[in-house]
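Architecture and fold: a report
Here's the letter readout for the chains.
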Amino acid sequence: MSEPMIDEPEAIPETLRERDQWVCWREEERDGKPTKIPVTPGAGGFASATESETWSSFEAALDYTETEHADGVGFVFTDDDPIVGVDLDDCRDPETDDVDDAALDIIERLDSYTEVSPSGTGYHVLITGTLPDGRNRRGSVELYDTARFFTVTGDHVERTPTRVARRQDALTAIHREYVQEAGDTASESEQRGDAAARSPTTGAADVDVDLEDEDLLEKARNASNGEKFERLWNGNTVGYDSQSEADMALCCLLAFWTGGDRTQMEQLFRQSGLMREKWDEVHYADGSTYGEKTIERAIATTPEFYDPDAGGDTEDSHGQPDGVTAGSTPDDADRSRAYLAEKNRLLSERVDELEATLEQKTERIETLETEIERLTDELAARDQETAQSHEEDSSTAIETGDDSEPASLLHRFFGGQS
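It should be emphasised that the depicted structure is a prediction, and the values quoted were computed from it without experimental measurement. (Residues numbered from 1 in each chain as written. Predicted model: local features only at pLDDT ≥ 70, side-chain atom pairs only at ≥ 80, totals over all residues. Heavy atoms only, no water.)

On the surface, Glu14, Glu18, Glu363, Glu366 and Glu369 cluster together into a negatively charged patch. Per element, the largest residue contribution to the negative patch is three residues, and it comes from helix 11 (residues 333–414). Checked against the element boundaries, glutamate 14 lands in helix 1 (residues 14–17). Exposure remark for glutamate 14: the relative accessible area of 51% places this residue in the exposed category. (Patch = residues over 30% accessible without salt bridge, like charges linked within 9 Å, V, L, I, M, F, W, Y side chains within 5 Å. Areas by Shrake-Rupley, 256 points an atom, 1.4 Å probe, with all protein chains shown as cover. Salt bridge = Lys/Arg side-chain N within 4 Å of Asp/Glu carboxyl O. Lys, Arg positive; Asp, Glu negative; His and termini not counted. Charge placed at Lys NZ, Arg CZ, Asp CG, Glu CD. Helix = DSSP H or I, 4+ residues; strand = E, 2+ residues; numbered from the N terminus. Buried < 20%, exposed > 50% of the residue type's maximum accessible area, 1.4 Å probe, protein only.)

Put into structure tokens, the structure is as follows:
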């Protein structure tokens, strides 16, 4: 058998292992190509990704791989769980470990449990979130959230988390950039009311903001979302699943205020509390650093940019990045739509934050309930031991009393006489 077995089952996140959504698989040749066929653990028959009676626990599936009827295990995605699988095919050279730029970009941005596929030529990334509507496959990138199974190897990729993390924003962006049709992306851009003209080569706004760093920071802090900017600027990542997402959020704000000026975005970010050594690390085959790619993506995904010539830069406007002044008129409709889009995005971020907090509290409650149950059982066992001990003591006392009574009478009558 050429495929690797799972040497360390504990390397697979508990979020997956605790669910009874496991099948086995074996490799067979179909139409001249090796194909992984899902197998029911224990029974050996064909398993279906839509029939739960053909699934089992992780332990049962793992045990069945020790027989000649299965080559590995697989996790089934369903509508009842929040787990999404990202399949990256033909992106890794198993001999040199070289990985293509697109796969590295996706793995870096998802920042969740990642493992090498059975063939060694690809990766599987597992996250929690909701898969956006539309197509789920393009080229070598596939996204699954229901009615499919993922082969699982436990061959964890170093420098990626050991847990299945919530990455909704990253999933949405990756789906848009790597999976959607180009026409769909353009349509979304139109719906956002993208009023700013972009450079065809850099994606930046075709405007000259020309603000000194201090003036720009003052406008950003006084904007309607200035509190968010201030938190990120000071290095506060609360509400974000990872610092990488916080980095991206700050860069998107900087992209707006600088008009997509890469140089100014770079020098401003280096002054922020989010700056760290990773910013200058080369993470891509083309020699790009993590910071350069983050800036590039922020510019590409920012729907509109600040335009000082648009007439909305008054003292009362407080430099709102949504472009809406206190005295908006119907002529500001485009900017109002941008404002609503930004507001909806912020609300979505807040919902994600609350859901993550709720999930943490639920896990904590489950942990406490388990601990209470353990302590209750332990206390009951101690009570039982105490009761048994008292019964034994009473029995001993009775036995001692029966034996000593004749001796006591003899002592009363003949005590002291030899």
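What follows picks up the thread again.
This part covers the packing of helix 9 (residues 262–269) against helix 10 (residues 290–301). Two elements in contact, helix 9 and helix 10, have axes separated by 11 Å at closest approach and are oriented at 125°. Comparing their axes, helix 10 and helix 9 come out oblique. When the axes of helix 9 and helix 10 are compared, the crossing they make is right-handed. Taking contact as the criterion, the partners of Arg262, Met265 and Glu266 in helix 9 are, on helix 10, Ile295, Glu296, Ala298 and Ile299. Class assignment of the residues belonging to the contact of helix 9 with helix 10 gives a composition of four nonpolar, no polar and three charged. (Axes fitted to C-alpha atoms, helices over the stretch in contact; angles between N-to-C directions. Parallel < 35°, antiparallel > 145°, perpendicular 65-115°, else oblique. Left-handed = near helix turned anticlockwise from the far one by under 90°. Contact = heavy atoms within 4.5 Å. Nonpolar A, V, L, I, M, F, W, Y, C, P; charged D, E, K, R; others polar.)

The subject of this paragraph is the packing of helix 6 (residues 213–222) against helix 7 (residues 226–233). Between helix 6 and helix 7, whose axes approach to 6 Å, the crossing angle comes to 125°. Judged by the angle between their axes, helix 6 and helix 7 are oblique. Two secondary-structure elements touch here, helix 6 through Leu217, Ala220 and Arg221 and helix 7 through Gly226, Phe229, Glu230 and Trp233. When the residues that make up the contact of helix 6 with helix 7 are grouped by side-chain class, the tally is four nonpolar, one polar and two charged.

A positive phi is found at aspartate 97, a non-glycine position, where the angle reads about 70°. Structurally, the position occupied by aspartate 97 is in the loop between strand 4 (83–88) and helix 3 (101–110). With a phi angle near 60°, alanine 147 is a residue other than glycine that sits in the positive phi range. Here alanine 147 is to be found in the loop between strand 8 (141–144) and strand 9 (148–152).

So, on to the sheet that holds strand 1 (residues 22–30). Within the open sheet, the four strands sit side by side as 2-1-3-9. Their pairing is antiparallel. Edge positions in the sheet fall to strand 2 (33–39) and strand 9, since each of these pairs with one other strand and no more. Neighbouring strand axes in the sheet, compared pairwise and without regard to direction, differ in orientation by 45° on average. Where strand 3 (residues 72–77) meets strand 9, five bridges bridge the pair, whose relative direction is antiparallel. Across the sheet, the residue bridging to phenylalanine 75 is phenylalanine 150, located in strand 9. (Pairing = 2+ DSSP bridges.)

Below, the discussion takes up the pattern of salt bridges. Within this structure, the stated rule accounts for 18 salt bridges. One salt bridge in this structure joins aspartate 105 and arginine 297, with 2.8 Å as the shortest N-O distance. Highlighted residues: aspartate 105 in helix 3 and arginine 297 in helix 10, separated in sequence by 192 residues. Neither residue differs from the other here; aspartate 105 and arginine 297 are each classed as buried. A salt bridge links glutamate 108 to lysine 278, with the shortest nitrogen-to-oxygen separation between them at 2.7 Å. In this pair, glutamate 108 sits in helix 3 while lysine 278 sits in the loop between helix 9 and helix 10, placing the two residues 170 residues apart along the sequence. Taken as a pair, glutamate 108 and lysine 278 share a single burial class, namely buried. Among the charged side chains, a network of salt bridges with common partners joins Asp105, Arg109, Glu177 and Arg297.

Our next topic: the sheet that holds strand 6 (residues 123–128). Backbone hydrogen bonds hold the strands of a sheet together, and the pairing may be parallel or antiparallel. Read from one edge of the open sheet, five strands run 5-6-4-8-7, paired in antiparallel fashion. Pairing within the sheet leaves two strands with one partner each, and these edge strands are strand 5 (114–116) and strand 7 (137–138). Note that strand 7 and strand 8 share two bridges and pair antiparallel. Of the residues in strand 8, the one forming a bridge with arginine 137 is glutamate 142. Across the sheet, helix 3 touches strand 4, strand 5, strand 6 and strand 8, and the angle it forms with strand 4 is around 160°. The strands touched by helix 4 (residues 168–179) within the sheet are strand 4, strand 6, strand 7 and strand 8, with strand 8 carrying the most contacts at an inclination of about 135°.

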